[in-house]
Amino acid sequence: MRVVIAEDNVLLASGLELLLNSQGFEVVAITDDAPGFLTAVETHRPDVTIVDVRLPPDFRDEGIRAALQARRDRPGLPVLVLSQYVEQEYAGRLLADPRGGIGYLLKDRVSRIAEFTDALRRVAAGGTAMDPEVIAQLLAGRNDPVGALTPREREVLALMAEGHDNTAIAQRLFITDNAVHKHIGSVFLKLGLSVGDSGHRRVRAVLTYLRRRGGAANPAPVEPSTDR
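Residues numbered from 1 in each chain as written. Predicted model: local features only at pLDDT ≥ 70, side-chain atom pairs only at ≥ 80, totals over all residues. Heavy atoms only, no water.

Now for the overall build of the protein chain. Counting secondary structure elements, the protein chain contains 10 helices and 6 strands. Counting over 228 residues, the protein chain shows a buried share of 51%. Summing over all exposed atoms, the protein chain offers an accessible surface of approximately 10,200 Å²; the carbon and sulfur share of this is 50%. (Helix = DSSP H or I, 4+ residues; strand = E, 2+ residues; numbered from the N terminus. Buried < 20%, exposed > 50% of the residue type's maximum accessible area, 1.4 Å probe, protein only. Areas by Shrake-Rupley, 256 points an atom, 1.4 Å probe, with all protein chains shown as cover.)

Okay, here's the thing in structure tokens:
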């Protein structure tokens, strides 16, 4: 699996390269700025990319804007964003793309090797991987429809947003698959969404719904993979 990394911190970039190469990935390019990242993507055609939100020269949002541009140039390009902070606007914009292959992790997640590489593989396969802290901030809105959910339904929604399927959710919450299925149905009923929708269309539907209700800064990401 070929990887392009955009990260200006030399130590972190080198650590990522060493880690990924030892886990069966092939790091084909490392860049430290947005133009270099776009060039590397065009040159190497990677299977997945890892991008820091803030890159030179201004260290604001150059990296994530480059990631969005790369996905416009190559629709569906898998992008895993790494950040020290939760950039709510950009996290929401990434999740609004119905094509999948997106992730947003805080940098301290990299130290959890199995968790990080699993997230990267999930993104490369077209799934979604969201840091729990990112999800918590995205769900913490003012008077949004998510507030109507029970604590258990919010837990299920958050795990769905992380990319877990029904079986994994059941295992993590110590409940049955049937209970997960019922919670998912209740979540979408309360959000006014059709349970018949599937995959990444639900991501777009939830974000659109919350924006219509004034929750643009607090989208609720969802990426269930096996709910019926």
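Anyway, onward from the coordinates.
When two helices pack together, their arrangement is given by the angle between the helix axes and by the axis-to-axis distance. Relative orientation of the contacting elements helix 1 (residues 10-22) and helix 5 (residues 113-124) amounts to 80°, with a least axis distance of 11 Å. Comparing their axes, helix 5 and helix 1 come out roughly perpendicular. Contacts between helix 1 and helix 5 involve Leu 16, Leu 19 and Leu 20 from the former and Ile 113, Phe 116 and Leu 120 from the latter. Here the contact of helix 1 with helix 5 is built from residues that sort into 6 nonpolar, no polar and no charged. (Axes fitted to C-alpha atoms, helices over the stretch in contact; angles between N-to-C directions. Parallel < 35°, antiparallel > 145°, perpendicular 65-115°, else oblique. Contact = heavy atoms within 4.5 Å. Nonpolar A, V, L, I, M, F, W, Y, C, P; charged D, E, K, R; others polar.)

Negative phi is the rule for most residues except glycine; trans is the rule for most peptide bonds. Between Pro 56 and Pro 57 the backbone carries a cis peptide bond, its omega angle lying at 10°. Of note in the backbone geometry, Arg 45 takes a positive phi value of approximately 50° without being a glycine. Position of Arg 45 relative to the elements: it lies in the loop between helix 2 (34-44) and strand 3 (48-52). Accessibility expressed as a relative area gives 43% for Arg 45, which makes it partly exposed. Even without being a glycine, Phe 174 presents a positive backbone phi close to 60°. Of note, Phe 174 is situated in the loop between helix 8 (166-173) and helix 9 (177-190).

Judged by nonpolar contacts, the single largest core of 27 residues is most densely connected at Phe 37, Ile 64, Val 81, Leu 94 and Tyr 104. Sort the elements by how many residues they give to this core and helix 3 (residues 62-73) lands first, with 5 residues. If we ignore the near neighbours within four places in the chain, the residues touching Val 81 are Val 51, Val 53, Ile 64, Leu 94, Gly 103, Tyr 104 and Leu 105. Leu 19, Ile 50, Leu 105 and Val 110 belong to the second largest nonpolar core, which has 18 residues in total. (Core = buried A, V, L, I, M, F, W, Y, C linked by side-chain atoms within 4.5 Å.)

Read across the sheet, 6 strands follow the order 2-1-3-4-5-6 without closing on themselves; strand pairing throughout is parallel. At either margin of the open sheet sits one strand with a lone partner, and together these are strand 2 (26-31) and strand 6 (128-130). Here the strands of the sheet are splayed against their neighbours by 20° on average, with no regard to which way each runs. Across 5 bridges, the pairing between strand 4 (residues 79-83) and strand 5 (residues 102-106) is parallel. (Pairing = 2+ DSSP bridges.)

Now for the confidence of the model for the protein chain. A low pLDDT means the predicted coordinates there should not be read in detail. Confidence along the protein chain averages 78 in pLDDT terms, with 73% of residues attaining 70 or more. Scored below 50 in pLDDT, residues 194-202 makes 19 contacts in the model with residues more than four places away or belonging to other chains. Considering only residues more than four positions removed or in separate chains, one finds that residues 208-228, a stretch of pLDDT under 50, has 62 contacts. (pLDDT = per-residue confidence, 0-100.)

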